[in-house]
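Observations on the model geometry
Next come the chains, spelled out residue by residue.
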Amino acid sequence: MTARLLDGKLVGQKIKSEAAEIAAHLAEKGFRPGLAAVLVGDDPASRTYVGSKVKTCAELGLHSEKIVLPQTTTTAELLAVVRDLNTRADIHGILVQMPLPKQIDAQTIIEAIDPAKDVDGFHPISAGKLMLKQDGFVPCTPAGIIEMLKFYDIPLRGCRAVVLGRSHIVGLPMSLLLLHRDVTLTVCHSRTANPAKIAHEADLVVAAIGKTAFVTGDFIRADATVIDVGINRVTTPAEVNEYFGDDTARHADIEKKGYTLIGDVHPRHALERAAYFTPVPGGVGPLTIAMLMRNTVRSAENFARKS
Ligand code: GUN
């Protein structure tokens, strides 16, 4: 069988249109939603992600500000920037792109963000609210995955799900969101013995481990839904053949750019075995930005309500 591809661009577009509509209403009342995106250093992937976030703000009519700081920035310097953004009436969302350079204490920075502007959902207050199933900001990638499953009517209640990875950004919040939807959950991580055997029992597999094509056919029960959160690169024609088969667009990609994107799931195997599969690119990626827009607009709504 061939898996049905879940279209993140389509679902993301719907979420972004809703956010744009709310932003327009707020702007009429003098509350144009504003996002500050802070990029520290020169990691090319981070620069691309922040660029996309700022560009999407402009497309949807949100105010945005990109703050770029040098690789050598200290924790104290970044703290000063965050504290200033906390006080700004035109900024409703603050995003500090992760990972930060090693000399910066990321947890101190995250905890300095005003929880009311924590549109990434990384602050301990946001994390606590998520754990307790209270209203608050939810990390964008797992929240987007839930929206995608809803859009395609993929049922969760009572299903068996395996989350591969336990990061604060994806694996842990994903696990909580699934538990809150009555999923029977197993979390696998770097110390788990035989994750393939465990994943093979699951109706839903979410792969968020950052390892190219780690999830092979033996992880995937026939008819499972497979969500691929990974964003990795392959650079050689032999790898393209192994992972994508005779895919001319992928070969053209590496000739043109030197690489093609791949997730944590072996795409050829997933297409053969799964019922639903999120492609990379075009699956989970567009949802992360769309949910950031939704969170920023919601934050502006909260501020407007309090004013
Ligand atoms: N790095 C990878 N994903 C994210 C994200 O969603 N937000 C931030 N701030 N950094 C990230």
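What you see is a predicted model, and the numbers here were worked out from it, not measured in a lab.

**Things to note about the overall build of the protein chain**
Counting secondary structure elements, the protein chain contains twelve helices and eleven strands. Radius of gyration (C-alpha) of the protein chain: 20 Å, near the 19 Å computed for a compact globule of 307 residues. Dimensions of the protein chain, computed from C-alpha atoms along their principal axes, come out at roughly 55 × 45 × 40 Å. Buried positions account for 50% of the 307 residues belonging to the protein chain.

**What to know about the nonpolar core**
Ranked by internal contacts, the top residues of the largest apolar core, which has 50 residues, are Ile145, Leu156, Leu178, Leu204, Val206, Ile227 and Met293. Only helix 1 (8-28), strand 2 (34-40), helix 2 (44-60), helix 6 (140-151), strand 5 (160-164), helix 7 (171-180), strand 7 (204-207) and helix 12 (285-306) provide two or more residues apiece to this core. Here this core takes nine residues from helix 12, the largest share from any one element. Core analysis: the second largest hydrophobic core is formed by 20 residues, Val38, Val40, Leu78 and Ile104 among them.

**Details of the packing of aromatic side chains**
In total, this model carries two aromatic pairs according to the counting rule given. Both rings, one in Phe151 and one in Tyr152, keep their centres 5.0 Å apart while their planes meet at 70°; by these two values the pair is edge-to-face. Residue Phe151 is classed as partly exposed on the basis of its relative accessible area of 33%. Of the residues examined, Tyr152 reaches a relative accessible area of 10% and is grouped as buried. Directly above the aromatic system of Tyr259 lies the positively charged group of Arg233, at a separation of 3.7 Å from the ring centroid. Against the face of Phe303 rests Lys306, its NZ or CZ located 4.8 Å from the ring centre.

**Topic: the side chain of Asn232**
Along the chain, Asn232 turns up in strand 9 (residues 232-234). The buried category is assigned to Asn232, whose relative accessible area is 11%. A distance of 2.9 Å separates the side chain of Asn232 from the backbone oxygen of Gly263, its partner in a polar contact. In terms of polar contacts, Asn232 uses its side chain to reach the side chain of Asp264, at 3.0 Å. In contact with Asn232, other than residues within four places in its own chain, are Gly210, Lys211, Thr212, Thr260, Leu261, Ile262, Gly263 and Asp264.

**Regarding the sheet that holds strand 4 (residues 93-96)**
Strand pairing in a sheet is mediated by backbone hydrogen bonds. Such pairs are either parallel or antiparallel. Across the sheet, which stays open at both edges, the three strands sit in the order 3-2-4 with parallel pairing between neighbours. Since the sheet does not close on itself, it has two edges, and those belong to strand 3 (63-69) and strand 4, each with one partner. For this sheet, the mean angle separating the axes of adjacent strands, direction not counted, is 15°. Pairing geometry for strand 2 and strand 3, over seven bridges, is parallel. Bridge assignment links Val40 to a residue of strand 3, and that residue is Leu69. The sheet contacts of helix 2 involve strand 2, strand 3 and strand 4, and relative to strand 2 the element is tilted by about 165°.

Cut-offs applied
Residues numbered from 1 in each chain as written. Predicted model: local features only at pLDDT ≥ 70, side-chain atom pairs only at ≥ 80, totals over all residues. Heavy atoms only, no water. Helix = DSSP H or I, 4+ residues; strand = E, 2+ residues; numbered from the N terminus. Rg over C-alpha atoms; globule rule 2.2 N^0.38 Å. Buried < 20%, exposed > 50% of the residue type's maximum accessible area, 1.4 Å probe, protein only. Core = buried A, V, L, I, M, F, W, Y, C linked by side-chain atoms within 4.5 Å. Phe/Tyr/Trp six-rings, centres within 6.5 Å; stacked < 30°, edge-to-face > 60°. Lys NZ or Arg CZ within 6 Å of the ring centre and 35° of its normal. Polar contact = N/O pair within 3.5 Å; in protein donor to acceptor, adjacent residues only side chain to side chain. Contact = heavy atoms within 4.5 Å. Pairing = 2+ DSSP bridges. Axes fitted to C-alpha atoms, helices over the stretch in contact; angles between N-to-C directions.

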